[in-house]
Amino acid sequence: MHIKRQAQIIYPKDTAAILMWGDIGGDVRVLESGIGQGATSIAILRALSGQGRLTSYEVRQDFADMSKKFINGFFGRTPENHTIEIRDIYHGIDGEYDRIVLDLPEPWHTVGHMQTSLVNGGIVVSYIPTVLQVKTMVDTLKESGWSTQIETFELILRPWKVDGLSVRPEMWMYNHSAFLVSARKLAEPNAKLLEKRGGYIKKGGQ
Ligand SMILES: C[S@@+](CC[C@H](N)C(=O)[O-])C[C@H]1O[C@@H](n2cnc3c(N)ncnc32)[C@H](O)[C@@H]1O
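All of these numbers come straight from a predicted model, not from anything done at the bench.

## Some details on the site of the ligand
Inference 1: As a matter of local geometry, the ligand sits amid 23 residues, with G34, G36, Q37, A39 and D103 nearest to it.
Inference 2: If you list the elements that add at least two residues to the shell around the ligand, you get α2 (39-48) and β2 (53-58).
Inference 3: In terms of residue class, the shell around the ligand is made up of 12 nonpolar, 7 polar and 4 charged.

Shown next, in the form of structure tokens:
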């Protein structure tokens, strides 16, 4: 929290939810994009605890270098189960992943790639700052036909002051950071679901 930063990081209140909603831990293959400062990578690597594998796609070399330094500094070594690839995730995903974590300006460009790169039953969690981005992401997930259990939520943390007889909420609170959108991949694109969602989207759009 206290390092000088060049990229906006995901704060612990949201990172905690990403790890639980994304069911990240143990021997799973996780794809993350982009890496930014590497704060989310650190949380994922801690949850993996030396098992599984984290691959981070980052479009900017300078952010990849900076985050690598930050991650190595945190762990005191280079985690063996972490790879950073300099590439644009909007152009495609290679290989197969059990979990995907996105912190991108336009995450919906990855939904088509996840049809082949996310395993059946796999989970994607996307950190999304504004409602218009949320709407596009959720609509794209629904239209894809491969996603189910789509959930959208935000977390508001209200700290309390507990000091002698002064027991009350703090004057300030962590208000908006971003929304989280999660979804799970179905074994096969479901034609009926797609049809139903097509109807829903048309109705909503009128
Ligand atoms: C807000 S930062 C991520 C911060 C990170 N979650 C953390 O907690 O430190 C967003 C990152 O996504 C990268 N990015 C943006 N578009 C991308 C793309 N199409 N493919 C890969 N990385 C991308 C940016 O360069 C930036 O490093």
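## Comments concerning the sheet that holds strand β1 (residues 29-33)
Inference 1: With mixed pairing, 7 strands are arranged side by side in an open sheet as β3-β2-β1-β4-β5-β9-β6. In this open sheet, the two edge strands, each paired with only one partner strand, are β3 (82-86) and β6 (147-154). The average angle at which neighbouring strand axes cross in this sheet is 15 degrees, direction not considered.
Inference 2: Two elements, β2 and β3, share 5 bridges in a ladder whose sense is parallel. Residue pairing across strands places S56 opposite I84, the latter belonging to β3.
Inference 3: Lying over the sheet, helix α1 (residues 12-21) contacts β4 (97-102), β5 (118-128) and β9 (179-185), oriented at roughly 10 degrees with respect to β9.

## Quick notes on the pairing of strand β7 (residues 160-163)
Inference 1: Pairing of β7 with strand β8 (residues 166-169), which is carried by 4 bridges, proceeds in the antiparallel orientation. The residue of β8 that forms the bridge with D163 is S166.
Inference 2: Hairpin connection from β7 to β8: 2 residues lie between these consecutive antiparallel strands, with G164 at a positive phi of about 60 degrees.

## Side note on the nonpolar core
General note: in soluble globular proteins, nonpolar side chains tend to be found buried as a group.
Inference 1: V30, I44, I100, V101, V124 and V181 are the most contacted members of the largest nonpolar core, which has 40 residues in total.
Inference 2: When residues in this core are grouped by element, the largest group, 7 residues, is from α2.

## With respect to unusual backbone geometry
Inference 1: Cis geometry is adopted by the peptide bond preceding G34, which originates at S33 and carries an omega value of -15 degrees.
Inference 2: Its location among the elements puts G34 in the loop between β1 and α2.
Inference 3: For Q149, which is not glycine, the phi dihedral falls at a positive 50 degrees.
Inference 4: When you line up the elements, Q149 lands in strand β6.

## Digging into the environment of L132
Inference 1: Relative to the elements of secondary structure, L132 occurs in helix α5 (residues 131-144).
Inference 2: Residue class for L132 comes out exposed when judged on the 9 C-beta atoms lying within 10 Å of it.
Inference 3: As a C-alpha pair, L132 and T152 span 20 residues in sequence and 13 Å in three-dimensional space.

## Points about the pairing of β5
Inference 1: With 8 of 11 residues buried, β5 lies mostly within the body of the structure.
Inference 2: Relative to β5, β4 runs parallel, the two being bridged by 5 bridges. The partner of L102 across the bridge, within β5, is S126.
Inference 3: With respect to chirality, the unit in which β4 leads through helix α4 (residues 111-117) into the neighbouring parallel β5 is right-handed.

## Quick notes on helix α3 (residues 61-75)
Inference 1: Between its first and last C-alpha atoms α3 spans 21 Å; for 15 residues at 1.5 Å apiece the expected length is 21 Å, and the two agree.
Inference 2: Residues of α3 that are buried: F63, A64, S67, F70 and I71. When α3 is viewed along its axis, its buried side chains cluster within an angular range of 135 degrees and face the same direction. For α3, exposure combined with an orientation more than 90 degrees from the buried face picks out Q61, D62, K69 and G73.

The rules we used
Residues numbered from 1 in each chain as written. Predicted model: local features only at pLDDT ≥ 70, side-chain atom pairs only at ≥ 80, totals over all residues. Near = placed C-beta within 6 Å. Helix = DSSP H or I, 4+ residues; strand = E, 2+ residues; numbered from the N terminus. Nonpolar A, V, L, I, M, F, W, Y, C, P; charged D, E, K, R; others polar. Pairing = 2+ DSSP bridges. Axes fitted to C-alpha atoms, helices over the stretch in contact; angles between N-to-C directions. Contact = placed C-beta atoms within 7 Å. Core = buried A, V, L, I, M, F, W, Y, C linked by C-beta atoms within 7 Å. Buried ≥ 20, exposed ≤ 12 C-beta atoms within 10 Å, placed from the backbone. Right-handed = clockwise from strand over helix to strand, strands pointing away. Expected span 1.5 Å × (residues − 1). Arc of directions from axis to C-beta.

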